[in-house]
Amino acid sequence: MRNVLFLCTGNSARSILAEALLGTLGKGRFEAYSAGSQPAGRVQPIAAELATELGYPADRLRSKSWDEFAAPGAPPIDVVITVCDNAAAETCPIWPGHPASAHWGVPDPAAVEGDDETKRRAYLAAMTTLRRRVELLLALPLDTLDRLSMQKHLREIGKTP
């Protein structure tokens, strides 16, 4: 079981979707988490709806600080993936164990303005991109990859549209 932490500034949409996707599709191979440098304090409703439609438990959907994962007693993190450009540019906490890291930038669906259908399409586009990337992660031969090889593969995955 590998622990993966998805980071975004607000931890209200993209990182939540990535957590739900890996948590659902990973089928026990991964424990997925998400957090933000400046958590919004709430999950965007469309992100929550899409996550629960995947079958992800609603009680796990919570906007939280990345400080939770750098504190004593936090689960050891094997992989850290940023999903927004702002979080990728920030100075992250020092994660114990030096996890593999990568950036999987995805446009922010919460920033899209317009009617409900336009907003929902933006969330679905973000989710589609993240799903492709999660599926590529799941296809990696994890048992044969060291941390640097894993990091290289993860960074390549982040370039996938």
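Everything in this summary refers to the structure shown in the same document. (Residues numbered from 1 in each chain as written. Predicted model: local features only at pLDDT ≥ 70, side-chain atom pairs only at ≥ 80, totals over all residues. Heavy atoms only, no water.)

1. Some points on the pattern of salt bridges
And then number 1: Tallied over the full model, the rule gives ten salt bridges.
And then number 2: One salt bridge in this structure joins arginine 14 and aspartate 108, with 3.6 Å as the shortest N-O distance. A residue pair is termed long-range when its members are at least 10 positions apart, and arginine 14 in helix α1 (residues 14-25) and aspartate 108 in the loop between β4 (100-103) and α4 (116-139) qualify at 94 residues.
And then number 3: The closest approach of N and O atoms between glutamate 31 and arginine 60, which form a salt bridge, is 2.8 Å. Of this pair, glutamate 31 sits in strand β2 (residues 30-36) while arginine 60 is found in the loop between α2 (45-53) and β3 (79-82), placing the two residues 29 residues apart along the sequence.
And then number 4: One connected set of salt bridges, linked through shared partners, spans Glu19, Glu31, Arg60 and Lys64. (Salt bridge = Lys/Arg side-chain N within 4 Å of Asp/Glu carboxyl O. Helix = DSSP H or I, 4+ residues; strand = E, 2+ residues; numbered from the N terminus.)

2. Some thoughts on the packing of α2 against α4
And then number 1: Here α2 crosses α4 at 50 degrees, and the two axes come no closer than 10 Å. Taken together, the axes of α2 and α4 are oblique relative to one another. For α2 against α4, the interelement crossing comes out right-handed. On the side of α2, the interface is formed by Ile46, Ala47, Glu49, Leu50 and Glu53, while α4 contributes Lys119, Arg120, Tyr123, Leu124 and Met127. (Axes fitted to C-alpha atoms, helices over the stretch in contact; angles between N-to-C directions. Parallel < 35°, antiparallel > 145°, perpendicular 65-115°, else oblique. Left-handed = near helix turned anticlockwise from the far one by under 90°. Contact = heavy atoms within 4.5 Å.)

3. Focus: the packing of aromatic side chains
And then number 1: Enumeration according to the criterion identifies two aromatic pairs in this entry.
And then number 2: Both rings, one in phenylalanine 6 and one in tryptophan 104, keep their centres 6.1 Å apart while their planes meet at 55 degrees; by these two values the pair is tilted. Here the residue phenylalanine 6 occupies a position in strand β1 (residues 2-8), and tryptophan 104 occupies one in the loop between β4 and α4, the gap between them amounting to 98 residues. No difference in accessibility class separates phenylalanine 6 from tryptophan 104, as the two residues are buried.
And then number 3: Ring centres of tyrosine 33 and phenylalanine 69 lie 5.3 Å apart, and the angle between their planes is 55 degrees; this geometry places the pair in the tilted category. Taken as a pair, tyrosine 33 in strand β2 and phenylalanine 69 in the loop between α2 and β3 lie far apart in primary sequence, 36 residues in all.
And then number 4: Taking the relative accessible area as the measure of exposure, tyrosine 33 reaches 16% and is therefore buried.
And then number 5: Under the relative-accessibility criterion, phenylalanine 69 is labelled buried at 7%. (Phe/Tyr/Trp six-rings, centres within 6.5 Å; stacked < 30°, edge-to-face > 60°. Buried < 20%, exposed > 50% of the residue type's maximum accessible area, 1.4 Å probe, protein only.)

4. Focus: the sheet that holds β4
And then number 1: Strand order in the open sheet formed by four strands is β2-β1-β3-β4, with parallel pairing between adjacent strands. With partners counted over all chains shown, the strands left at the sheet margins are β2 and β4, one partner each. The sheet shows a mean angle of 20 degrees between the axes of neighbouring strands, taken without regard to direction.
And then number 2: Pairing of β1 with β3, which is carried by four bridges, proceeds in the parallel orientation. (Pairing = 2+ DSSP bridges.)

5. Quick word on the packing of α1 against α4
And then number 1: α4 packs onto α1 with a crossing angle of 45 degrees between their chain directions and a minimal axis gap of 9 Å. Of the possible angle classes, the one that applies to α1 and α4 is oblique. The crossing of α1 and α4 is right-handed. Contact residues: Arg14, Leu17, Ala18, Leu21, Leu22 and Leu25 in α1; Tyr123, Met127, Leu130, Arg131, Val134, Glu135, Leu137 and Leu138 in α4.
And then number 2: Classifying every residue of the contact of α1 with α4 by side-chain character gives eleven nonpolar, no polar and three charged. (Nonpolar A, V, L, I, M, F, W, Y, C, P; charged D, E, K, R; others polar.)

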